[in-house]
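So the chains spell out like this:
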Amino acid sequence: MTYLFIILYATTLIYFALSERVKKFVWLLSIQGFLLFGVVFFSLHTIEIFDFLFILIETILVKSLIVPLFLNKVRKHNHLKREHEPSVPVFYSIIVVVITLILSFIISSHLNSNQIHTKYFTVAFASIMFGIYFIIIHKNIFSHVVGYLIIENGIFLLSLAVGSVMPMMVNLAILLDVLMGVLVLGVFINHIGDTFKSIEIDQLSKLKD
Amino acid sequence: MISFLLILISAIFFVGVITKVKAKIAARKMPSVLQPVYDVIRLFKKGAIYSPITSVIFKIAPIIYFSSILLATFFIPIGSQKAILSFEGDFVFFAYLLGVGKFMMIIAAMDTGSGFEGMGANREALYSMLIEPAFFILAGSVALFSNNISFNDLFLHLNLDTNLSYIIGIAAIYVLVYIAMVENSRMPVDDPKTHLELTMVHEVMVLDNSGFDLALIHIATWLKFAIYGSLISNFIIHSVWTWYWQIIAFFVIQLIFSIIVGVLEAFRARNKMEKNPQWIIMLSAISIVVFLTALIITQKIILN
C-alpha cells in the first residue's frame, strides 16, 4: 500500500512541472500532504503510538490543511492568479522531472543498503532535486515558497528512509521550522506585495536605499 | 471474430452517444444515437468532388486511412475472445498501422496545396508524434508486467490483483482515454465544433474531402474510438469471466467511455495551441511512472 502513495507522490511532481497556475500549486501541496499522511499511516506501525499519532496529525493538519490554507490567503491577498511564464518552457520541465524520477529510481535500486529504506528514498531524492529546480525556474517569491515546501516534503520522506524510528525532536524541529518559515515568508510576501504592487524577484534586485 | 464484430457494433453507436451526452449537458434537444450513421449514409449517396490540382494521392488517401484502421481492428482481443490476427510484438504493428493511415491523410492534405490544410497537417503530425512514446511506453510496461508481447496473450495473462498493479490499470486507463482523445482530435487538444480554420487541427485537414471520402474518414474516427475503448475494456475484463459477462461488460465499458468523452468535451475548454505539446508530453511522463511501477513489480528495480 505504501508503494501506491509513493507512486502517486511521483505523479504530483509531474503535475507540479505541468501546471502554471499558482492556485494549482497550493492544491498540489495539499494533495502531497494527504499522500504523506497515507505513507505514514501504512508504514510506521512499529513506532510508539504517541509518536505515530503526532506524525499523523502533523501531516494531515499542518502539511495538507494549515500551510495550504495560509498560502491560499497570501495568494488572494496579492492577487496572484496565473504564474508568470517560468523562465524554462514547461515542456523541458516535464522532461527534467522524468529524468530526475528515473535517476532517483536507478540510484535507489543500486543502493542496496540495509540501513536505508530505498522505497522512500526514490521519491525523496526526486522531490528534493525537483524542489531546487522549481525554485530556479520560477521568478516570483510565492513559487519559491512552494519550491521550499516541496523540498521539505522530500526531506520528510528522507527521514522516513533513513530510520524506521524517527526521533521525536528532529520531527518537532522540522515542523517548527516549516511552519515558522512559511508564516514569516507569507508575511514577507504580503508586505512586499503591498509596498511594491508586485512580487517578481527581478524587480527586487533593483532595490536601492 | 467475435471481438471484431463487437468492436464494429460498438463503433456504430459511439459517436452518437457522445453527441447525445453533449446535447443533454447543454440542455439542447438530443439527436438520435444513430444520427452519425444517417449522416454517413447521406454522404455515401453523394459523389466526391476533387480539386483539379490534386493528384492520385488525394483520391486514395481516405481509402488507405480507413482500411489501415479496419486492419488495426483485427488485432484487438476482448477478454478471452481472441483477435483475428495475432503475432509476437503485434502492438508495434498496430501502432504503425494507425501511423500509416495518418501519414496518408497528412500527405493528402499537403497535396491540396491549401495553406490551411498544410497547417492542420503540420499540427496533426506533431501531436501524433508526441503521443507515440506514451503509447509505446505504456504498451511496453504492460508487456513487461504480463510477460507477453502480443495483444492476445498480453491481455489474457494480465492479472491486476495486487495493490501496486492497480496503479498500472488506473494509469493505463487514464493515459489511454487521453490518447484516444488526441488521436481522434477531440477536446483538450482540438475542438471538433470550432468554426475557425485557424484553430482547427483535424477538421481543417479534411476540409477538401467530400462525399464518399468524408464518410470513410468519419467511420474511421468511430472505429478508432471503439478500438481504444476495447483496449481500455481489456484492462477491466477478466478472461476467467463467462463469455456473456465479458460481452455485457464490454458494452457497459464502451458506454461509460463514450459518456466520459462526452462529459469531458462538454465541460473542458480547449487548451491553448502552444500549450498542447507540453500537455501531451505529460501523458508520456505518466506512462514512464507506469513503467517504473512495472519495474518495481517485476523486481527489476529492487527496493526495500
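Computed from a predicted structure; not experimentally measured.

Undergrad: Break down the overall build of chain B for me, with residues and values.
TA: A tally of regular secondary structure across chain B gives 11 helices and zero strands. If you list the helices and strands of chain B from N to C, you get α-α-α-α-α-α-α-α-α-α-α. Radius of gyration (C-alpha) of chain B: 19 Å, near the 19 Å computed for a compact globule of 304 residues. With 304 residues in all, chain B has 49% of them scored as buried. Across chain B, contacts joining residues at least 24 apart in sequence account for 77% of those joining residues at least 6 apart.

Undergrad: Go over helix α2 (residues 22–43) of chain A, please, and point to the residues and values.
TA: Residues and elements named next belong to chain A. Taking 1.5 Å of rise per residue, the 22 residues of α2 would be expected to cover 32 Å, and the 32 Å separating its terminal C-alpha atoms lies within 8% of that figure. Inspection of α2 places V22, F25, V26, L29, Q32, G33, L35, L36, F37, V39 and V40 among the buried residues, and these make up the whole buried set. In this structure, the buried side of α2 is in contact with α1 (2–18), α3 (49–77) and α6 (141–162).

Undergrad: Would you mind going over the environment of B:V177 in detail, with residue names and values included?
TA: By secondary structure assignment, the location of B:V177 is in helix α7 (residues 163–183). As for B:V177 and B:I7, which are separated by 170 residues in sequence, their C-alpha atoms are 16 Å apart.

Undergrad: Describe the confidence of the model for chain B, and please don't skip the residues or the numbers.
TA: Scored by pLDDT, chain B comes out at a mean of 90, with 100% of its residues at no less than 70. The ipTM value of the predicted complex is 0.87, and its pTM value is 0.90.

Undergrad: With reference to specific residues and values, describe the interface of chain B and chain A.
TA: On the side of chain A, 22 residues touch chain B, which itself brings 18 residues to the contact. Of all elements in the fold, only α7 and α11 (276–297) of chain B reach the threshold of two or more residues within the side of chain B that touches chain A. When grouped by side-chain class, the residues that make up the side of chain B that touches chain A number 14 nonpolar, four polar and no charged.

Undergrad: Can you lay out the nonpolar core for me, pointing to particular residues and giving the numbers?
TA: In this structure, A:I94, B:V175, B:I179, B:I280, B:M282 and B:A285 are the most contacted members of the largest nonpolar core, which totals 151 residues. By residue number, the principal contributor to this core is α11(B), which donates 15 residues. Apart from the residues lying within four places of it in its own chain, the contact partners of B:M282 are A:I14, A:L18 and A:I94.

Criteria and thresholds
Residues numbered from 1 in each chain as written. Chains lettered and ligands numbered in written order. Predicted model: local features only at pLDDT ≥ 70, side-chain atom pairs only at ≥ 80, totals over all residues. Helix = DSSP H or I, 4+ residues; strand = E, 2+ residues; numbered from the N terminus. Rg over C-alpha atoms; globule rule 2.2 N^0.38 Å. Buried ≥ 20, exposed ≤ 12 C-beta atoms within 10 Å, placed from the backbone. Contact = placed C-beta atoms within 7 Å. Expected span 1.5 Å × (residues − 1). pLDDT = per-residue confidence, 0-100. Nonpolar A, V, L, I, M, F, W, Y, C, P; charged D, E, K, R; others polar. Core = buried A, V, L, I, M, F, W, Y, C linked by C-beta atoms within 7 Å.

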